[in-house]
Amino acid sequence: MDELVQIKRPQQNGEGQPRRRVYIRTYGCQMNEYDTEKLYRILDGSFDKTSEPEQADLIILNTCSVREKPEHKVHSLLGELRELKSQNPHLLVGVGGCVAQQEGRKIVERSPVVDFVFGTHNLSLVPSLIERRASKGQPQVAVDYRDEWEDLPLGFSGGERVSALVSISRGCNKNCTYCIVPTTRGREVSRDPDEIKKEVRIAVHQGAKEIVLLGQTVNSYGLDFQPRRSFVWLLKEVAAIPGVERIRFTSPHPQEVRADFIDLVCSEPKICHHIHMPLQSGSDSVLKAMNRNYRRDKYLRIIDALKTRVPDMAITTDIIVGFPGETEQDFRLTLDVMEQVQFDNSYSFIFSARPGTLAATIEDSQPYQEKLARLQELQAKQEQITSRRLHDWVGKSVDVLIDGPSAVDPTRLQGRSSQNITVNLSGEAADLKPGMTVPTLIHKAARFTLVGEPAGSNLVKQQIDGSQIACP
């Protein structure tokens, strides 16, 4: 019970009746975070948002099936919810996301605590699933694919936000042999550009300064339109919207990177100097087995083109260790790419066979302990590179978009640089507020973050002696 719930009595409203509240636990990628935000908007009016699951009348688990561990964790948490449901017989439990899309009715058959299951194309059906559960007295399941884009509420709930997620496409056509996304999210479908721009304008009106464009393969946006559009075209359209100060996106696929993409990323001032470019492996033979449709030389040429044009461009990546058939030489080639690129950060995992993928059928004789040793070596190398990269910022000035209170010290503010590095502000920051962008002198590097003094503080004035600090 420790991880998710501790039994407490629900709060009462002014009339002595429990207020209906919803708690959503989100796993996985930013697309799931976006879907969770939409769920809150869909349920707004019927349920108040709560951060405490023990006070909720509705608990939704928005799941991820990209790796095995998060999937197992969901079933473990469903077991924990039995006690909470026994204490509150009116509690409803729903399961959505990629695990729900994959398993469907199996979830309610395995776990009697679940009242309804909805797939990745069925967010808008959640209110009706709740109603049907009450009227029919039986668990409800909706996991049908839809060709059209769901009609979901625009904008986000719960006050002003500095950064807003905006989905531009769903699904994926790449068919990487290890990936379950084409099964759980379906074929790639680009969203109507007018709807995207409308949501961006609403987000800006609600206080957002930064827009994060989401898609399984963002840079193949618009290829399914007639006539075709392009991701570069969409970036220009979003950049032209008044009030948008920063643009991020995740994740581009190296196969779809063209010269016009590099030109725009390096020249449009609103596009942040941070690209998350998945590598997965530095070995051509492993990339071929993964069906990644690019090779290490192309990947390195892309990175070189970006860093030549924008020397302070931050590059982060994804890496899979222990893919079936990976040899020691293959692994060393991955480490070699890491050394050449000098990734600011990497998200690395041991290969996890997902049922229904081609990679799950490939014989894998490599011992787990060997894979684990490789992962630990890779992550240790990445920590060294990350530390060097962060220390390179000490003594330089960066523009920091303030997000809000620091996670380390709530009395301080924190924000992010264009490179998506978290910067904790010290010194005099009484006049600073979330949404403001302030020049900040970096004077310390921590393990994963930076510490800096905002311009105007006494420390900065002393260090610059009235002279202008040059940006890197």
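Above this note sits the structure.
Residues numbered from 1 in each chain as written. Predicted model: local features only at pLDDT ≥ 70, side-chain atom pairs only at ≥ 80, totals over all residues. Heavy atoms only, no water.

**Comments concerning the packing of helix 8 (residues 231-239) against helix 9 (residues 259-267)**
At a closest axis distance of 9 Å, the pairing of helix 8 and helix 9 adopts a crossing angle of 20°. By the criterion of interaxial angle, the relationship of helix 8 to helix 9 is roughly parallel. Seen along the crossing, helix 8 lies across helix 9 with a hand that is left-handed. Contacts from Phe231, Val232, Leu235 and Lys236 of helix 8 reach helix 9 at Asp260, Phe261 and Leu264. Of the residues assigned to the contact of helix 8 with helix 9, the class counts are five nonpolar, no polar and two charged. (Axes fitted to C-alpha atoms, helices over the stretch in contact; angles between N-to-C directions. Helix = DSSP H or I, 4+ residues; strand = E, 2+ residues; numbered from the N terminus. Parallel < 35°, antiparallel > 145°, perpendicular 65-115°, else oblique. Left-handed = near helix turned anticlockwise from the far one by under 90°. Contact = heavy atoms within 4.5 Å. Nonpolar A, V, L, I, M, F, W, Y, C, P; charged D, E, K, R; others polar.)

**Considerations on the environment of Pro252**
Mapped onto the fold, Pro252 is located in the loop between strand 11 (246-250) and helix 9. A C-alpha to C-alpha distance of 5.4 Å links Pro252 and Thr217, two positions 35 residues apart in sequence.

**Some thoughts on the sheet that holds strand 18 (residues 437-445)**
If you walk around this closed barrel you meet the five strands as 15-16-17-19-18, and the pairing is mixed. For this sheet, the mean inter-axis angle between neighbouring strands, taken without regard to orientation, is 50°. Of the pairings in the sheet, the one linking strand 18 to strand 19 (residues 450-454) comprises five bridges and is antiparallel in character. When the sheet's bridge partners are listed, Lys444 is paired in strand 19 with Val451. (Pairing = 2+ DSSP bridges.)

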